[in-house]
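Observations on the three-dimensional arrangement
If you want the building blocks of each chain, they are given just below.
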Number of protein chains: 2
Amino acid sequence: MLTSKDMSEHCGLKSSIIRKDLAQFGACGIKGQGYVVSELTAYLNKILGINNTKDVVLVGAGHLGTAIARYPGFINANFNFIAAFDIDDEKIGSSIGHTHIYSIDTLNKYLEDHKIEVIVLAVPSSAALDIVTKLDSRIVKGILNFTSMVFPGRMNDMYIHNIDLAKELEVISFCMKNCITQKSDD
Amino acid sequence: MLTSKDMSEHCGLKSSIIRKDLAQFGACGIKGQGYVVSELTAYLNKILGINNTKDVVLVGAGHLGTAIARYPGFINANFNFIAAFDIDDEKIGSSIGHTHIYSIDTLNKYLEDHKIEVIVLAVPSSAALDIVTKLDSRIVKGILNFTSMVFPGRMNDMYIHNIDLAKELEVISFCMKNCITQKSDD
DNA sequence: TAGATTGTTAATCGATTAACAATC
DNA sequence: TAGATTGTTAATCGATTAACAATC
């Protein structure tokens, strides 16, 4: 059991807005008590669309791709790297943990056969555009783009979420310079 | 020369707010003309505190650390990985590009000797807390934390910016589920 | 019942926008 | 000068907050 006040203390928001937002999504607290943790997490996962395990595919098995596939947070968020793809013959046939590495030439067929909706792109930026344009947007609906190539947020009917690691260092730099207390986003 | 309208078309914000925000920071456009690109970038870099090259140190030279040090965006943002530190004897003595890898035991002395204000943390989460608590907060002012260990936004007098790669996949998942058009953040 | 905390309202606050005088 | 776009104002919009009746 968790109250809105508990949550507010953890994340630096006022308790009233936590109650309001949860109510907005229809989450059901118990008056005088708070929120049942198990119900709440299930509810939030459902809102985020991660209530059941989702298979995703890694494209690019270099250092960044390997780090991503091994990143512990993805497992907690119910994401499963079902396969990886690379252009390098040395890597094809090997594995990152339980994730097998296939030839990039077989990517589109794999996506179609396994109905993969989300891919994680960690190839050199020079290769990014070519891969993205060849994707079948009837199959792939979302791309998490770790390359420094910037794509529009939406292309065809695919969501593309651009991650810019350097931007985050700029945030720190700005905060240090201006003595801003960052909102902790626990 | 760039107008607020040009910028608004690129990033999906209204031109009025671009003018307002730039004016707020004191950036100086030319009425009837727009903004001189070179002046504007210099100004924005100054605001972000990245107008001159800043040396940062990488802690953890595994896959993630290596990928980060090689990430092209950091160079553009004037960040220079002056050194890397790892616990693994195999890695110590070798390099990632021009970044030499030293023993983690020498980290704090190095930070002090070189007056390094920002470190990038890419060690296993189990090692994160120990490293952070041993840092000298009179020297280090900012930490970019790529581990899945979550730190408060501020500790002692150090800014800690937590990066959660998995969170980004949740964002995509949510957008796909709710057919939200993401704000592109070019 | 008494105590506690939700869900919701109404009030406040801040951020976004449209519009336009200033001026290059 | 005529055309264009800034910087800024005043109006709008939405998000945050405090407060409290409802109720577990």
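Residues numbered from 1 in each chain as written. Chains lettered and ligands numbered in written order. Predicted model: local features only at pLDDT ≥ 70, side-chain atom pairs only at ≥ 80, totals over all residues. Heavy atoms only, no water.

Two aromatic rings are characterised by how far apart their centres lie and by the angle between their planes. All names here are of chain A. For the coordinates displayed, the defined rule picks out ten aromatic pairs over all chains. By way of ring pairs, the aromatic residues Y71, F74 and F81 are connected into one cluster. Its guanidinium or amino end placed over the ring of Y159, R154 lies 4.5 Å from that ring's centre, counting from NZ or CZ. (Phe/Tyr/Trp six-rings, centres within 6.5 Å; stacked < 30°, edge-to-face > 60°. Lys NZ or Arg CZ within 6 Å of the ring centre and 35° of its normal.)

Glancing now at the packing of helix α8 (residues 165–178) of chain A against helix α3 (residues 37–48) of chain B. Where α8 of chain A meets α3 of chain B, the closest approach of the two axes is 7 Å, and the angle between their N-to-C directions is 70°. Relative to α3 of chain B, the element α8 of chain A is oriented roughly perpendicular. Facing α8 of chain A, whose interface residues are E170, S173, F174, K177 and N178 of chain A, α3 of chain B presents K46, I47 and L48 of chain B. Of the residues in the contact of α8 of chain A with α3 of chain B, the class split is three nonpolar, two polar and three charged. (Axes fitted to C-alpha atoms, helices over the stretch in contact; angles between N-to-C directions. Helix = DSSP H or I, 4+ residues; strand = E, 2+ residues; numbered from the N terminus. Parallel < 35°, antiparallel > 145°, perpendicular 65-115°, else oblique. Contact = heavy atoms within 4.5 Å. Nonpolar A, V, L, I, M, F, W, Y, C, P; charged D, E, K, R; others polar.)

Take helix α3 (residues 37–48) of chain A next. Across its twelve residues, α3 of chain A extends 16 Å between first and last C-alpha, which sits within 8% of the 16 Å expected from 1.5 Å per residue. Count one or two residues on from α3 of chain A and you reach G49 of chain A, which has phi positive near 75°. (Expected span 1.5 Å × (residues − 1).)

Note on the identical chains: chain B maps onto chain A by a rotation of 180° and an axial translation of 0.0 Å, with an RMSD of 0.1 Å. Given the turn and translation reported, the copies of this chain are related as if by a two-fold rotation axis. Taking C-alpha positions as reference, the residue of chain B nearest the rotation axis is H63 of chain B, located at 2.3 Å. Both copies share a contact surface, since 98% of the interface residues of chain B are interface residues in chain A too. (Least-squares fit on C-alpha atoms with pLDDT ≥ 70 in both.)

With that settled, the discussion passes to the side chain of T66 of chain A. Within the fold, T66 of chain A resides in helix α4 (residues 63–70). We classify T66 of chain A as buried; its relative accessible area is 6%. Not counting residues within four places of it along the chain, the set of residues in contact with T66 of chain A comprises A61 and I96 of chain A together with H63 of chain B. (Buried < 20%, exposed > 50% of the residue type's maximum accessible area, 1.4 Å probe, protein only.)

For the rest of this paragraph, the subject is the sheet that holds strand β7 (residues 154–155) of chain A. Residues and elements named next belong to chain A. Across the sheet, which stays open at both edges, the eight strands sit in the order β3-β4-β2-β1-β5-β6-β8-β7 with mixed pairing between neighbours. With one partner strand each, in any of the chains shown, β3 (95–96) and β7 form the two edges of the open sheet. Bridge count between strand β5 (residues 118–121) and strand β6 (residues 142–145): four bridges; the pairing is parallel. What sits directly across from V120, in β6, is L144. Set on the sheet, helix α7 (residues 125–134) makes contact with β1 (54–59), β5, β6, β7 and β8 (158–162); between it and β5 the angle comes to about 165°. (Pairing = 2+ DSSP bridges.)

In terms of domains, chain A is made up of domain 1 (4–48) and domain 2 (54–166). Spacing between the C-alpha centres of domain 1 of chain A and domain 2 of chain A amounts to 33 Å. (Domains from an automatic or database assignment.)

Going through the model one piece at a time under the given rule, you end up with ten salt bridges over all chains. The partner of K134 of chain A in a salt bridge is D130 of chain A, with the nearest N and O atoms 3.2 Å apart. Here K134 of chain A pairs with D130 of chain A, and both are found in helix α7, just four residues apart, close to one helical turn. The exposed category is assigned to K134 of chain A, whose relative accessible area is 55%. The partner of R138 of chain B in a salt bridge is D136 of chain B, and the shortest N-O contact between them spans 3.0 Å. Judged by its relative accessible area of 22%, D136 of chain B is partly exposed. (Salt bridge = Lys/Arg side-chain N within 4 Å of Asp/Glu carboxyl O.)

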